[in-house]
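Commentary on secondary and tertiary structure
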Amino acid sequence: MPLVAHLTELRDRLLRAILAVLVVFICLFPFANDIYAFVSQPLRALLPAGTSMIATDVASPFLTPFKLTLFTALFIAIPYVLYQAWGFIAPGMYRHEKRLAFPLLASSILLFYCGAAFAYFVVFPLIFAFFTSVGPEDIAIMTDINRYLDFVLKLFFAFGVAFEIPIAAVLLIWAGVTTPEKLARKRPYIIVGCFVFGMLLTPPDIISQSLLALPMWLLFEAGVVAGRLLLRERGKAAGE
């Protein structure tokens, strides 16, 4: 295909991806307040009696659920968006590359969703229980809804990205940049790096840092195992 045809196809696929996000957003917008109530439930369930979340900006009661709904629409539409990206790059790949790339793409989507779910169902209850229990007794806890949204979106993204570690390890091994044995020898540095990464991307408490670092370490080990299996399968294919 000539360059203009490639650019035209890229434009069409980008428009389809954006349209998909907009369609999901329009469907979700009537439930924007319900979506915010669901996302804020881990904190609201732990607030002391007589306190509640507040909105300090005039437009926050509208803009905050609006922003959350837009991010939710993108979150839901990710498989279709990545499918459009796959449709654009797949024709230029060899058959053996497609056979590996498609499972990696599907796995990366699933792992991102798993990371976000882990943050919501495991991390949020623990860190919010910690935060609401260590403050001075005479301080009323009334969190701003916009600040809360920024906080949880950061954690959703951090855990979603952290759960992609096996995909990154497999890609590095597949590309020949490293080997499972070399990765295994760097395990002590990887563990330290996981805790540093957790320190940078989570609130300044040991609970949330550990809850991010430990899964990252375990996922790194899973990536090393998957890399060994990949090389074994590649060796069998070469022997045939």
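Our structure's up above, just so we're on the same page.
So, a few notes on the structure that sits alongside this text. Note that the structure is a prediction, hence the values are computed from the model and not measured.

With 18 residues, helix H5 (residues 145-162) extends 26 Å between its outermost C-alpha atoms, agreeing within 8% with the 26 Å of an ideal straight helix rising 1.5 Å per residue. When H5 is considered as a whole, its buried residues turn out to be Ile145, Tyr148, Leu149, Val152, Leu153, Leu155, Phe156, Ala158, Phe159, Gly160 and Ala162.

Time to look at the nonpolar core. Most often, soluble globular proteins keep nonpolar side chains buried together rather than apart. Judged by nonpolar contacts, the single largest core of 47 residues is most densely connected at Phe124, Tyr148, Val152 and Phe156. Residue assignment for this core shows that the elements contributing at least two residues are helix H1 (3-28), helix H2 (32-44), helix H3 (60-89), helix H4 (95-134), H5, helix H6 (165-174) and helix H9 (206-239). Tallying contributions element by element places H4 first for this core, with ten residues. Those residues within four positions of tyrosine 148 in sequence are excluded, and the remaining contacts are Tyr36, Val39, Ser40, Pro42, Leu43, Met53, Phe128 and Thr143.

A word on the pattern of salt bridges. Using the criterion set out here, one finds four salt bridges in the structure. Its salt-bridge partner being arginine 13, residue glutamate 9 comes within 3.1 Å of it at the nearest N-O pair. Here arginine 13 and glutamate 9 lie together in helix H1, a separation of four residues that amounts to about one turn. For the salt bridge of lysine 67 with aspartate 150, the shortest nitrogen-to-oxygen distance reads 3.0 Å. You can see lysine 67 sitting in helix H3 and its partner aspartate 150 sitting in helix H5, a full 83 residues away along the chain.

Our next topic: H2. Taking 1.5 Å per residue as the helical rise, H2 with its 13 residues ought to reach 18 Å, and the 17 Å between its terminal C-alpha atoms agrees with that figure. In H2, a bend of some 35° at phenylalanine 38 exceeds every other bend along the element, and proline 42, a proline, comes one to four places later. All of the buried residues along H2 are Ala32, Ile35, Tyr36, Val39, Ser40, Pro42 and Leu43.

Turning our attention to the packing of H3 against H5. The interhelical angle for the contact between H3 and H5, taken along N-to-C directions, is 15°, at an axis separation of 9 Å. In terms of their interaxial angle, H3 and H5 are classed as roughly parallel. Here H3 runs over H5; the crossing is left-handed. Along its contact with H3, which presents Ser60, Pro61, Thr64, Lys67, Leu68 and Phe71, the element H5 presents Ile145, Asn146, Leu149, Asp150 and Leu153.

Thresholds applied
- Residue numbers here run from 1 along each chain, matching the order of that chain's written sequence.
- At least 70 in pLDDT is required for a residue's local features to be given in this predicted model, at least 80 for side-chain atom pairs to be given and counted, and no such filter applies to totals for whole chains, interfaces and linings, which use all residues.
- For side-chain calculations, the full set of non-hydrogen atoms in the structure is used, while hydrogens and water are omitted.
- Helix and strand assignments come from DSSP, with helices taken as H or I runs of at least 4 residues and strands as E runs of at least 2, each series counted from the N terminus.
- Multiply 1.5 Å by the residue count of a helix minus one, and that product is the helix's expected span.
- Residue exposure (1.4 Å probe, protein chains only): buried if accessible area is under 20% of the type maximum, exposed if over 50%, otherwise partly exposed.
- Throughout this description, the term nonpolar core refers to a set of buried Ala, Val, Leu, Ile, Met, Phe, Trp, Tyr and Cys residues connected via side-chain atoms within 4.5 Å.
- Two residues qualify as a contact provided that any one of their heavy atoms is within 4.5 Å of a heavy atom in the partner residue.
- A pairing counts as a salt bridge when a side-chain nitrogen of Lys or Arg comes within 4 Å of a carboxyl oxygen of Asp or Glu.
- The bend at a residue is defined as the angle formed between two axes, one fitted to the seven residues ending at that residue and one fitted to the seven starting there.
- Lines are fitted to the C-alpha atoms to define the axes, a helix being fitted only along its stretch in contact, and any angle between axes, read from their N-to-C directions, falls within 0 to 180 degrees.
- Working rule for angles: under 35 degrees goes down as roughly parallel, over 145 as roughly antiparallel, 65 to 115 as roughly perpendicular, anything else as oblique.
- In this scheme the handedness of a crossing depends on how the near helix is turned from the far one: anticlockwise by less than a right angle means left-handed, clockwise means right-handed.

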